[in-house]
Amino acid sequence: MKVRVNDVELDLAPGTSAIDAVFAAGGDVPYFCSQEYMSPIGACRMCLAQVGAPRKERDGSWVMDEATGQPKIFWFPNLMATCTTQVMEGMVIDTLSERVKTAQNGMVEFTLINHPLDCPVCDKGGACELQDRSYEFGDGLSRFQFDKRHNEKHHPLSDLITLDRERCIQCKRCVRYFEEVPGDEVLDFIERTAHTYIGTADPGLPSNFTGNIADICPVGALLDASSRFRGRNWEYDHTRTTSMDDATGAAIIVDARTGRIERIKAALNPDVNKTWIDDGTRFGHEYADSPDRLTTPLIRRQGKLEPATWDEATAFIAERLKGLSGKDVGIAIRSDSTLEEGVAAMALAEELGTGQLDHAPRPAATLIGNQVATITDLATADAILVVGDLTEEAGVLDLRVKDALKGVTPPTLMPHGVPIADLRLKEHMPRQREILTVAAPYRVDLMRHAGATVRYPAGGEAAFFRALGKLAADANALLGEADEAAAGMSTGQARALVARLAAAKRGVIVLGGLALNRRESAEAARALVKAVGAKELAVGPMANSYGLELLGVLPSHERYGYAGMLDGAKALVLSHLDPAQDGEVAERLRGKDLLVVHDIFMTETAHLADVVLPAASVYERDGTVVNLEGRFLPVRAAPVDAGSSTDLTGVARALGEAMGKRLEGRSVRSARRVLKKRFDIDFAELPDHGLLPRAKSRGPVKALAGEVAAGTGNVLVVPSMARAEYLSRNRHLAAAVGGNRLRVNPEDAVKHNLTGGAEVRLKVGGTWRQAVVHVTDGVPRGLMTIPSLPEQPVGLAQADLAGIVVEQVRLEVAS
Amino acid sequence: MNETHTHTQTPFFADKQEKLAEILSRYPADGRRSALMPLLWEVQREERYVSEERMRELAEIVGTTATEVKGVMSFYSTYHDQPVGTFHIQVCSTLSCALAGSDELFDFLSNELGIVNGETTADGRFSLQKVECVGSCGTAPVVQVNDTYYERVGRGRCRHLVDALRQGELPPVWRERGGDTVGAAKAEPVKQPTDRGEG
């Protein structure tokens, strides 16, 4: 479709908005209300332009301009909001005329009438759309000589978001965001005219994706409460990196100042998270700046851990290793280590000649199935089955599932990036809820958006998939009563679900940790995936679970896996793992000849260690992770002050030097040479949005773990968006989510004499867990749920319910 | 999160299902939200205001949120989220009326009744509210008492109006629909001070 913008001729796809035509032509118009991935509404009137188009005669020929011999341009009588105007054949858009400039100037003046202009104390100052556009398109004068509107300056919408009602310019982005993106309509305009303000009749913000409104607010009205007044925008070091909070690999920007992380914002990755991240990712960083971070190595001398230099520490380790046979050493790294750290761990294992190498947590089944869906596949699916609590496990995927419910495919990128105004998106779009089925043993958030839900008994994933598999093999099969009870659904429901999946052209089955941590359920699930011809998306437990499995940071034999080495190895090198939380394991660790702990805090295990090495947090590493769809994503280090801490490649370098060896993973660069040979990708040049190689190159699977979760138990360890291991150090997030929740059915609460809000301690497996009781009918009778830890993976566990210690009773935190 | 609110009162439409069905039937099935205005009106006519509980009930009926119901209600001065007095006096404050002196009129009423914008007198008889355009610019300034318009209200008319209301009755209106054709002088039933605005 031929369009002319000022003097630039363009050929655009039909359906493109005029504002995108302007930007595609390299032009510029100001706008406040349009937002990528949201419906355009033409509310702010900033993007006005003079627009015209030729007309056709009745016979289909163009009305001609006699003077030029060209089709005559009929100008629209008024200036048009380009964000809601669709391009037409031959359209002419003028954004430079005096008339347009006067209008833009007038709109700036009008928008600023009630804006407090308190930029010097505003957190948005320096990165504010209103500020920038006012300088560019306003003339700096105001004829408004009266008192400005006054309103609340610090209205807490939630514990995480503060609203300044004076600064709001009523663009409606936040109102639309909640309805369109997470689908939890909560905010709206209250009152009218100059008195209009953003408000809600609900007690707070309901969803798990509230932080995004601070990113999209074009002024400083909606602010991230955790970073308010912490610094000016130009003082921050912005690091574009990849979130290591969960397996989705969402794009984030880490803003650090004077060696501290002050805030995290969402960045754009059209194929992964678009521009949205969950609150766990955004607000879960405060632990990295905790004052009790380890900053220097520690060595045990006369039974006490004392500060030492890296040289002393590595010399000490090298000396102790000499007395041991290499194969008696076990090396385990946490599953959010980068690929580069994986190379370092492998190089160290090879140097020592040990097969006792593993990453943990690691599910019972492989994450690399035969038909791995991409996140885009999920967002464009026509039938989706989710097993588990996707919102908590991989927040971004929750939003992408909701994209699929809208039935609008991701927009095609334009020369200037994501279309600013995608005219296919509307407010209050109908959702095709019927394509989504959510199954879990307890009530999960995504069920509110699903057409069908299944609540199967805890630990019943295998029965659930087998029941579906049976009907996929024979549509006329009948499930027995026992089978129906075990699968949590009737034969009819199961048949309808199978029929929907089988009929779908782009069906996707999402397998959460609950399904992957038992081998039998994973096998049954994959049989179903094959039978109905769907694709699968397996949600790994941590950021690089997929990558470390792909790389092969795996034991040479299953008995040398993580659980095995805690038992059998004489010496252990553990990176970011804290198995000693389990009292029995702690006993066994005391008997080791050498225990080296590489971590960021003095964990239970570090207290037992012979040498403690200070580690880089996930925000301080350079490297690469592979997300759950197999996409290689770059991780870049933010400038955080953490003493002499380093990632595992630094450990490999220092330890190698002490042993007189140059190990392959002794630096990120050296590790990348190994990775380049392996994957034929230049990891130093990895683009921001990552790389999804077509062929899923992978060596043979060396070993698969045994069952990770027990088949029975009275407590279900569940995924949590707010990571349990760091929650006590994440002040704002902890206040917002109300601590690690032990969710209890009302009847069980009475039975065990637990009141909502009580702070309790209970022993789950061998580990004492602290939690806050949350009484809800969302969990069935006889089952409690508690957030998982890296050392306590998702699945059933046995807890000592008679021995629950109530430490403090407090008022329940509202949510 | 998003737990359903429990009703403590009987739902308003519990015994008015026919009326409810009639109102809903005026709109297409996918346009239920449009029924919000008449439903709000129905509630307010009977209860004189719309409580938060009623807002939630209506939100559930039309398939939206209590927030949106509140947003709609606060947009229109017609709807009240708390009980108003027997006489709800609304003074238009938009341009035509403002130019014709509605500010002074409002100050007069405020002094006379001893209440400010949005308040109700202690005896529950009067409520006073500044409102946006009531759509009678030709006969500015306009004072609306409950559902009745009083037009071209100068100081004299206003005193007359307050005195009558104090007696507990709505005085007869000065019919000025099309006042421009009738002419101001001809329509005048009581003496109007010439210094409209400040007098």
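All figures in this text were calculated on a predicted structure; none of them were measured in a lab. (Residues numbered from 1 in each chain as written. Chains lettered and ligands numbered in written order. Predicted model: local features only at pLDDT ≥ 70, side-chain atom pairs only at ≥ 80, totals over all residues. Heavy atoms only, no water.)

Peer 1: Before we move on, could you go through the overall build of chain A and cite the residues and values that matter?
Peer 2: When its secondary structure is counted, chain A shows 24 helices and 37 strands. Relative to its full complement of 815 residues, chain A shows a buried share of 60%. Split by element, the accessible area of chain A, about 31800 Å² in all, is 50% carbon and sulfur. Between the mean site of the 94 positive side-chain charges and the mean site of the 108 negative ones, chain A shows a separation of 2 Å. (Helix = DSSP H or I, 4+ residues; strand = E, 2+ residues; numbered from the N terminus. Buried < 20%, exposed > 50% of the residue type's maximum accessible area, 1.4 Å probe, protein only. Areas by Shrake-Rupley, 256 points an atom, 1.4 Å probe, with all protein chains shown as cover. Lys, Arg positive; Asp, Glu negative; His and termini not counted. Charge placed at Lys NZ, Arg CZ, Asp CG, Glu CD.)

Peer 1: Give a description of the overall build of chain B that names residues and reports values.
Peer 2: When helices and strands are tallied, chain B shows nine helices and four strands. Element order for chain B, N to C, with α for helix and β for strand: α-α-α-α-β-α-α-β-β-β-α-α-α. Buried residues in chain B amount to 44% of all 199 residues. For chain B, restricting intrachain contacts to residue pairs at least 6 apart in sequence, the fraction spanning at least 24 positions comes to 61%. (Contact = heavy atoms within 4.5 Å.)

Peer 1: Quick one: what's the story with the interface of chain B and chain A, residue by residue and with numbers?
Peer 2: Reports often express the size of an interface as the amount of accessible area lost when the parts come together. Every contact between the two is made by 14 residues of chain B and, on the other side, 22 residues of chain A. For the pair chain B and chain A, the summed buried area comes to about 1600 Å², and 50% of that belongs to carbon and sulfur atoms. Scanning the region where chain B abuts chain A turns up zero salt bridges. Joining chain B to chain A, the criterion identifies six residue pairs in polar contact (both at pLDDT 80 or more). (Buried area = accessible area lost by both parts, 1.4 Å probe. Salt bridge = Lys/Arg side-chain N within 4 Å of Asp/Glu carboxyl O. Polar contact = N/O pair within 3.5 Å; in protein donor to acceptor, adjacent residues only side chain to side chain.)

Peer 1: Would you mind going over helix 21 (residues 648-659) of chain A in detail, with residue names and values included?
Peer 2: Residue and element names in this part refer to chain A. Relative to the 16 Å expected for 12 residues at 1.5 Å per residue, helix 21 spans 16 Å between its end C-alpha atoms, a close match to the ideal helical length. Every buried residue of helix 21 is listed here: Leu648, Thr649, Gly650, Val651, Ala652, Ala654, Leu655 and Gly656. Phi for Gly660, located one or two positions after helix 21, is positive at around 75 degrees. (Expected span 1.5 Å × (residues − 1).)

Peer 1: Now, about unusual backbone geometry: what can you tell me, with residues and values included?
Peer 2: Residue Pro361 of chain A follows Ala360 of chain A across a cis peptide bond; omega there is -5 degrees. Within the secondary structure, Pro361 of chain A sits in the loop between strand 20 (357-360) and helix 9 (375-379). Residue Ala140 of chain B is joined to Pro141 of chain B through a cis peptide bond whose omega torsion reads -10 degrees. Note on placement: Pro141 of chain B falls in the loop between strand 2 (126-131) and strand 3 (143-145). The phi dihedral of Tyr37 of chain A is positive, around 70 degrees, even though this residue is not glycine. The residue Tyr37 of chain A is located in the loop between helix 1 (18-24) and strand 3 (48-54) in this model. Classification of Tyr37 of chain A as buried rests on a relative accessible area of 6%. Positive phi, close to 50 degrees, is recorded for His428 of chain A, a residue that is not glycine.

Peer 1: How would you explain the domain arrangement of chain A if you had to name every residue and give the values?
Peer 2: All names here are of chain A. Entries for chain A in the domain assignment read domain 1 (2-109), domain 2 (149-288), domain 3 (298-362 + 556-698), domain 4 (375-409 + 432-538) and domain 5 (715-808). Taken together, the contact between domain 2 and domain 4 spans 17 residues of the former and 17 residues of the latter. Taking both sides of the interface into account, the surface hidden between domain 2 and domain 4 amounts to around 1300 Å²; carbon and sulfur atoms contribute 54%. At the boundary of domain 2 with domain 4, the tally comes to two salt bridges. Split into classes, the residues belonging to the side of domain 2 that touches domain 4 amount to seven nonpolar, four polar and six charged. (Domains from an automatic or database assignment. Nonpolar A, V, L, I, M, F, W, Y, C, P; charged D, E, K, R; others polar.)

Peer 1: Give me the sheet that holds strand 17 (residues 298-301) of chain A: which residues, what numbers.
Peer 2: All names here are of chain A. In space, the seven strands of this open sheet follow the order 18-17-28-27-26-19-20, with mixed pairing throughout. The open sheet has two edge strands with one neighbour each: strand 18 (304-307) and strand 20. Ignoring strand direction, the axes of neighbouring strands in this sheet form an average angle of 20 degrees. Bridge count between strand 17 and strand 18: four bridges; the pairing is antiparallel. Bridge pairing in strand 18 places Arg301 opposite Lys304. (Pairing = 2+ DSSP bridges. Axes fitted to C-alpha atoms, helices over the stretch in contact; angles between N-to-C directions.)

Peer 1: Got a sec to walk through the packing of aromatic side chains? Specific residues and values, please.
Peer 2: Residues and elements named next belong to chain A. Overall, the coordinates contain 17 aromatic pairs over all chains when judged by the stated rule. Consider the rings of Phe464 and Phe465, whose centres lie 5.3 Å apart with planes at 70 degrees: the pair is edge-to-face. Of the two residues, Phe464 and Phe465, both sit in the buried class. Chaining the aromatic ring pairs together yields one cluster made of Tyr287, Phe601, Tyr619 and Tyr726. (Phe/Tyr/Trp six-rings, centres within 6.5 Å; stacked < 30°, edge-to-face > 60°.)

Peer 1: Could you give an account of the packing of helix 6 (residues 102-113) of chain B against helix 7 (residues 155-166) of chain B, naming the residues involved and the relevant values?
Peer 2: Residue and element names in this part refer to chain B. Running from N to C, helix 6 and helix 7 cross one another at 30 degrees; their axes reach a closest spacing of 11 Å. Classified by chirality, the crossing of helix 7 by helix 6 is right-handed. Residues Leu105, Phe108, Leu109, Glu112 and Leu113 of helix 6 form the contact with helix 7, whose participating residues are Arg155, Cys158, Arg159, Val162 and Arg166. A class-by-class count of the residues in the contact of helix 6 with helix 7 yields six nonpolar, no polar and four charged. (Left-handed = near helix turned anticlockwise from the far one by under 90°.)

Peer 1: Pulling in residues and values, what's your account of the nonpolar core?
Peer 2: When a protein is soluble and globular, its nonpolar side chains tend to lie buried together. Residue and element names in this part refer to chain A. With 113 residues, the main nonpolar core has Leu385, Phe464 and Phe465 as its most contacted residues. Take this core: its biggest share by element is eight residues, from helix 8 (residues 339-352). Each residue touching Phe465, except ones within four places of it in the same chain, is listed here: Leu385, Val387, Leu511, Ala515, Ser521, Ala524, Ala525 and Leu528. Phe32, Cys168, Cys217 and Val418 belong to the second-largest nonpolar core, a separate cluster that totals 49 residues. (Core = buried A, V, L, I, M, F, W, Y, C linked by side-chain atoms within 4.5 Å.)

Peer 1: Give a description of the environment of Gln70 of chain A that names residues and reports values.
Peer 2: Residues and elements named next belong to chain A. Within the element layout of this structure, Gln70 appears in strand 5 (residues 70-71). Relative accessible area serves as the criterion here: at 49%, Gln70 is assigned to the partly exposed category. For the pair Gln70 and Pro54, spaced 16 residues apart in sequence, the C-alpha separation works out to 9.5 Å. Non-local contacts of Gln70, meaning those with residues more than four positions away in its chain, are made with Val63, Met64 and Asp65.

Peer 1: Could you give an account of the packing of helix 2 (residues 98-112) of chain A against helix 3 (residues 129-137) of chain A, naming the residues involved and the relevant values?
Peer 2: Residues and elements named next belong to chain A. With their axes 9 Å apart at the nearest point, helix 2 and helix 3 run at an angle of 140 degrees to one another. In terms of orientation, helix 2 lies oblique with respect to helix 3. Crossing geometry of helix 2 relative to helix 3 is assigned as left-handed. Touching Gln104, Asn105, Val108, Thr111 and Leu112 of helix 2 are Leu130, Arg133, Ser134 and Phe137, all from helix 3. (Parallel < 35°, antiparallel > 145°, perpendicular 65-115°, else oblique.)

Peer 1: How would you explain the side chain of Ser110 of chain B if you had to name every residue and give the values?
Peer 2: Residue and element names in this part refer to chain B. With respect to the element layout, Ser110 can be found in helix 6. For Ser110, a relative accessible area of 15% corresponds to the buried category. Residues in contact with Ser110, not counting those within four places in the same chain, are Ile115, Val116 and Leu128.

Peer 1: Provide a residue-level description of a positive patch on the surface, including the pertinent values.
Peer 2: Residue and element names in this part refer to chain A. The grouping of Arg653, Arg662, Arg669, Arg673 and Lys677 at the surface amounts to a positive patch. Ranked by residue count, the leading element in the positive patch is helix 22 (residues 668-679), at three residues. The residue Arg662 is located in the loop between helix 21 and helix 22 in this model. (Patch = residues over 30% accessible without salt bridge, like charges linked within 9 Å, V, L, I, M, F, W, Y side chains within 5 Å.)

Peer 1: Can you lay out the sheet that holds strand 3 of chain B for me, pointing to particular residues and giving the numbers?
Peer 2: Residue and element names in this part refer to chain B. Read across the sheet, four strands follow the order 2-1-3-4 without closing on themselves; strand pairing throughout is mixed. Each edge of the open sheet carries a strand with a single partner, namely strand 2 and strand 4 (148-150). Within the sheet, the average angular offset between the axes of one strand and its neighbour, ignoring direction, is 25 degrees. Where strand 3 meets strand 4, three bridges bridge the pair, whose relative direction is antiparallel. Looking at strand 4, one finds that Val145 is bridged to Thr148. Each of strand 1 (87-92), strand 2 and strand 3 touches helix 6; the most contacted strand, strand 2, lies at about 160 degrees to it. In the packing of helix 7 onto the sheet, the strands contacted are strand 1, strand 2, strand 3 and strand 4, and the crossing angle to strand 3 comes to about 10 degrees.

Peer 1: Could you give me a rundown of the pattern of salt bridges, with the residues and numbers involved?
Peer 2: All names here are of chain A. Tallied over the entire structure, the rule returns 60 salt bridges over all chains. Among the ionic pairs, Lys274 bridges to Asp403, the shortest N-O distance being 2.8 Å. Remark: Asp403 occurs in helix 11 (residues 395-406) and Lys274 occurs in the loop between strand 16 (260-266) and helix 6 (279-283); sequence separation between them is 129 residues. No difference in accessibility class separates Lys274 from Asp403, as the two residues are buried. The partner of Arg400 in a salt bridge is Asp403, and the shortest N-O contact between them spans 2.9 Å. Placement of both Arg400 and Asp403 in helix 11 is noted, with a separation of three residues, approximately one turn of the helix. The burial state of Arg400 is the same as that of Asp403; both residues are buried. Here the salt bridges do not stand alone but share partners, grouping Asp118, Lys153, Asp164, Glu166 and Arg167 into one network.

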